[in-house]
Amino acid sequence: MSLQSDVEALWQRYDDGLTAAEADSDDRATLERFLHALEAGDVRAAEPAGDDWTVNEWVKRGILLNFGLRETEPREYGDVTYHDVLPLRETDDLGERGTRNTPDGTVIRRGAYVGSDAIMMSPSFVNVGAHVGDGTLIDSSDTVGSCAQIGSNVKLGANTLIGGVLEPVEDSPVIVEDGVSLGAGCRVTSGFRVGENSIVGENTLLTPRIPVYDLVEEEVVYGELPANRRAFTRFVESSVSEHDLFDGGAYKPAVVATHVEEETLEAAEKEAILRDN
């Protein structure tokens, strides 16, 4: 049987009432094989399918099984005892592939994939099911949430939050495609998709509930930033602007997307030296 069929069969038993206390050695072996496949990049919560992305529901179910069929245990990290269902990921393979993670605070949970020639600055955190591509920079105080899909040669500026989407299993996770640069303090949540080679200004919130005014195609879109855009936050008039409580009007956030200018590209490329050594 394939890993997928083993996970799906175990999910059916779990859905029928199987508990962590009842799980046997074969069940735990399936959970371990699944985590190893995630960490090797052999399976992903979502993957490109032409110009779109496909969510692999069975992979998200496999992650949920690793919570539902494991007991919380005391674990050691340095001199600290913590309690969790999953240990932290082994990182011996990172150095072999040219990936750097600085000490005192780069945390990678089991079931996360980090590609070759990537950089993780401390403190930063990559959660279970996340997939981080080759040559990507995860800066200080960054969080990459569960199942998030981060492309190759991406720059996540300091204090950036990439949200996690684990349930419902059919929902798309956050997707940041190849070559994207997110400025410091950005937030990307709720399955939002950032198109390749886009450059996003600092402190921008990207979420399906906030409109993106795409000035290139002259349309308003939700849930995605098209490829090859320069994006930044602006405030537009709110529907409650005439309310007596708001003297002078009320405004709500929006994202404005326009062409990527040459000087913006040059500024983003200046930090490429960080990835060359």
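Nothing here was measured: the structure is a model prediction, and the numbers come from that model.

The rules we used
Residues numbered from 1 in each chain as written. Predicted model: local features only at pLDDT ≥ 70, side-chain atom pairs only at ≥ 80, totals over all residues. Heavy atoms only, no water. Helix = DSSP H or I, 4+ residues; strand = E, 2+ residues; numbered from the N terminus. Buried < 20%, exposed > 50% of the residue type's maximum accessible area, 1.4 Å probe, protein only. Areas by Shrake-Rupley, 256 points an atom, 1.4 Å probe, with all protein chains shown as cover. Lys, Arg positive; Asp, Glu negative; His and termini not counted. Charge placed at Lys NZ, Arg CZ, Asp CG, Glu CD. Patch = residues over 30% accessible without salt bridge, like charges linked within 9 Å, V, L, I, M, F, W, Y side chains within 5 Å. Salt bridge = Lys/Arg side-chain N within 4 Å of Asp/Glu carboxyl O. Contact = heavy atoms within 4.5 Å. Phe/Tyr/Trp six-rings, centres within 6.5 Å; stacked < 30°, edge-to-face > 60°. UniProt positions renumbered as here; feature names shortened; annotations may be inferred. Axes fitted to C-alpha atoms, helices over the stretch in contact; angles between N-to-C directions. Parallel < 35°, antiparallel > 145°, perpendicular 65-115°, else oblique. Left-handed = near helix turned anticlockwise from the far one by under 90°. Nonpolar A, V, L, I, M, F, W, Y, C, P; charged D, E, K, R; others polar.

Below, the discussion takes up the overall build of the protein. When you go through the protein residue by residue, the secondary structure sums to five helices and 26 strands. Taken along the three principal axes of its C-alpha coordinates, the protein extends 65 × 50 × 40 Å. Considering the protein as a whole, with its 277 residues, one finds that 47% of them fall into the buried category. Put simply, the protein shows about 13,800 Å² of open surface, and 47% of that area lies on carbon and sulfur atoms. Considering the protein, the positive charge centre built from 23 side chains and the negative charge centre built from 52 side chains are found 2 Å apart.

With an omega dihedral of -10°, the bond running from S122 to P123 counts as a cis peptide bond. Structurally, the position occupied by P123 is in the loop between β8 (119–120) and β9 (124–126). The step from E167 to P168 runs through a cis peptide bond, and the omega angle for that step is -10°. Here P168 is to be found in the loop between β15 (161–162) and β16 (175–176). Although it is not a glycine, D117 sits at a positive phi angle of roughly 55°.

Here the focus is a negative patch on the surface. Residues E217, E218, E219 and E224 make up a contiguous surface patch of negative charge. Looking at the secondary structure, you find E217 in the loop between β22 (212–214) and β23 (219–221).

This next bit is on the environment of V255. By the element assignment, V255 lies in strand β26 (residues 251–259). Sequence separation of V255 and N203 is 52 residues, and the distance between their C-alpha atoms is 11 Å. Not counting the four nearest positions on each side in its chain, V255 is found in contact with T204, L205, L206, I210, P211, V212, Y213, A231 and F232.

Before going further, it helps to examine the packing of aromatic side chains. In the structure shown here, the tally under the stated rule is two aromatic pairs. Measuring from ring centre to ring centre gives 5.7 Å for W11 and Y14, while their planes differ by 50°; the resulting arrangement is tilted. Of the two residues, W11 and Y14 are both situated in helix α1 (residues 3–15); the distance of three residues between them amounts to about one turn of the helix. Relative to W58, the ring of F34 lies with its centre 6.1 Å away and its plane at 65°, an arrangement referred to as edge-to-face. Separated by 24 residues along the polypeptide, F34 in helix α2 (residues 25–40) and W58 in helix α3 (residues 57–68) bring together distant segments of the chain.

The feature "domain: Tetrahydrodipicolinate-N-succinyltransferase chain A" (unreviewed entry), as annotated in UniProt, sits at residues 2–69 in this numbering. When the span residues 2–69 is considered, its composition is 60% helix and 12% strand, and the gap between its end C-alpha atoms is 20 Å.

Moving on, we come to the packing of α1 against α3. A packed helix pair is summarised by two numbers, namely the angle formed by the two axes and the spacing between the axes. As a packed pair, α1 and α3 sit with axes 9 Å apart at the nearest point and diverge in direction by 55°. Classified by the angle between their axes, α1 and α3 sit oblique to one another. Between α1 and α3 lies a crossing of left-handed hand. Residues L3, Q4, V7, E8, L10, W11 and Y14 of α1 form the contact with α3, whose participating residues are W58, R61, G62, L64, L65 and G68. Here the contact of α1 with α3 is composed, by residue class, of eight nonpolar, three polar and two charged.

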